[in-house]
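Spelled out from the first residue to the last, the chains are:
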Amino acid sequence: MSPPSPLLHRFLQRLESVKPSAHGFSARCPVHDDRSPSLSIKEGEDGRVLLHCFAGCPPQEVVAVLGLTMADLFPENGQLRRPPPAPGVTRTALHAAVEIEQQVLFIVAYDRVKGKSISPTDAARERLAKQRIELARRAG
Ligand SMILES: [Zn+2]
């Protein structure tokens, strides 16, 4: 298994009883009274830190208890690593994916127009959507 990225490493440092697991790491969940490590932490293909508490604690609460926000689970500059290209991506699939990303941009833009504040998570998702649309444009 490859060593954790600096982002994942910094996150793991804040947790207790961190152990490597089959797909990443396990640790004690800081939200509930966790005796056996039930928090699973792994790195997504795009470089994000993915969290899952098997007792059902939402990731938002896990990061809040650690003094972080969901935005801290994203690579520092907001630049997600490009996932390896899936074999046999068709033009139709690409087009459908772009439509979903445009929907994301629309929702965030709509919230802005309505005067709602945009959370760091939404802002990060918006940047990701723009990057994906740009990638798709370059792919043709
Ligand atoms: Zn938990």
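Residues numbered from 1 in each chain as written. Predicted model: local features only at pLDDT ≥ 70, side-chain atom pairs only at ≥ 80, totals over all residues. Heavy atoms only, no water.

Asks: What should I look at first to understand the environment of Asp33 in this one?
Replies: Mapped onto the fold, Asp33 is located in the loop between β2 (25-28) and β3 (39-43). Exposure remark for Asp33: the relative accessible area of 59% places this residue in the exposed category. Sequence spacing of Asp33 and Ala55 is 22 residues, and the spatial spacing of their C-alpha atoms is 9.9 Å. (Helix = DSSP H or I, 4+ residues; strand = E, 2+ residues; numbered from the N terminus. Buried < 20%, exposed > 50% of the residue type's maximum accessible area, 1.4 Å probe, protein only.)

Asks: How should the coordination of the zinc ion be read in this particular structure?
Replies: Note on metal sites: the ideal angle is 109.5 degrees for four tetrahedral donors, and 90 or 180 degrees for six octahedral donors. Taken together, Cys29 (SG), His32 (ND1), Cys53 (SG) and Cys57 (SG) make up the full set of protein donors to the zinc ion, lying 2.0 to 2.3 Å away. Considering all 4 donor atoms around the zinc ion, angles at the metal cover 102 to 117 degrees and the coordination shape is tetrahedral. Coordination of the zinc ion draws on donor residues from a single chain, spaced C-x2-H-x20-C-x3-C in sequence. With Cys29 in the loop between β2 and β3 and Cys53 in strand β4 (residues 49-53), the pair connects residues that are 24 residues apart, well separated along the chain. Cys53 matches Cys29 in its accessibility class, with the two residues each being buried. (Donors = N, O, S within 2.8 Å, 3.2 Å for Na, K, Ca; no water. Tetrahedral: all angles 85-135°; square planar, octahedral: opposite > 155°, others 65-115°.)

Asks: Just checking my understanding: could you explain helix α1 (residues 6-13) for this structure?
Replies: It helps to recall that an α-helix has 3.6 residues per turn; residues three or four apart then point in one direction. Listed in full, the buried residues belonging to α1 are Leu7, Leu8, Phe11 and Leu12. Around the axis of α1, the buried residues are gathered within 130 degrees of arc, so they sit on the same side. In α1, the exposed positions that point more than 90 degrees away from the buried face belong to Pro6 and Gln13. Of the surrounding elements, those touching the buried residues of α1 are β1 (16-20), β2, β3, β4 and α2 (59-65). (Arc of directions from axis to C-beta. Contact = heavy atoms within 4.5 Å.)

Asks: For this particular structure, what's the right way to read the pattern of salt bridges?
Replies: It is possible for side chains bearing opposite charge to pair when their charged atoms get close. Counted by the stated rule, this structure contains 9 salt bridges. One salt bridge connects Asp46 with Arg48, and the closest N-O pair in it is separated by 2.9 Å. On the accessibility criterion, Arg48 (26% relative accessible area) is partly exposed. One salt bridge in this structure joins Asp111 and Lys116, with 3.6 Å as the shortest N-O distance. Here Asp111 falls in the buried class, since its relative accessible area comes to 16%. (Salt bridge = Lys/Arg side-chain N within 4 Å of Asp/Glu carboxyl O.)

Asks: Looking at this structure, I do not really get helix α4 (residues 120-139). What am I missing?
Replies: When the terminal C-alpha atoms of α4 are compared, their 28 Å separation across 20 residues agrees well with the 28 Å that a helix rising 1.5 Å per residue should span. All of the buried residues in α4 are Ala124, Glu126, Leu128, Ala129, Ile133 and Ala136. Those residues of α4 that are buried are in contact with α3 (91-113). (Expected span 1.5 Å × (residues − 1).)

Asks: What am I meant to see in unusual backbone geometry here?
Replies: If a residue is not glycine, its phi is most likely negative; likewise, a peptide bond is most likely trans. For Ser17, which is not glycine, the phi dihedral falls at a positive 55 degrees. Structurally, the position occupied by Ser17 is in strand β1. Owing to a relative accessible area of 36%, Ser17 belongs among the partly exposed residues under this scheme.

Asks: So what exactly am I meant to see when it comes to a nonpolar patch on the surface here?
Replies: Together, Phe106, Ile107 and Tyr110 make up an exposed nonpolar region whose accessible area comes to about 330 Å². Assignment of secondary structure puts Ile107 in helix α3. What makes Ile107 partly exposed here is its relative accessible area of 46%. (Patch = residues over 30% accessible without salt bridge, like charges linked within 9 Å, V, L, I, M, F, W, Y side chains within 5 Å. Areas by Shrake-Rupley, 256 points an atom, 1.4 Å probe, with all protein chains shown as cover.)

Asks: Got a minute to help me understand the sheet that holds β1 in this structure?
Replies: Strand pairing in a sheet takes place through backbone hydrogen bonds and is either antiparallel or parallel in direction. As summarised here, the arrangement of the 4 strands in space is β1-β2-β3-β4, forming an open sheet in which the pairing is antiparallel. A single partner strand is all that each edge strand has here, and the edge strands are β1 and β4. The mean inter-strand angle of the sheet, taken between neighbouring strand axes irrespective of direction, is 25 degrees. Two elements, β3 and β4, share 5 bridges in a ladder whose sense is antiparallel. For Ser40, the partnering residue across the bridge sits in β4 and is His52. The sheet strands contacting α1 are β1, β2, β3 and β4, and the helix crosses β3 at an angle near 160 degrees. (Pairing = 2+ DSSP bridges. Axes fitted to C-alpha atoms, helices over the stretch in contact; angles between N-to-C directions.)

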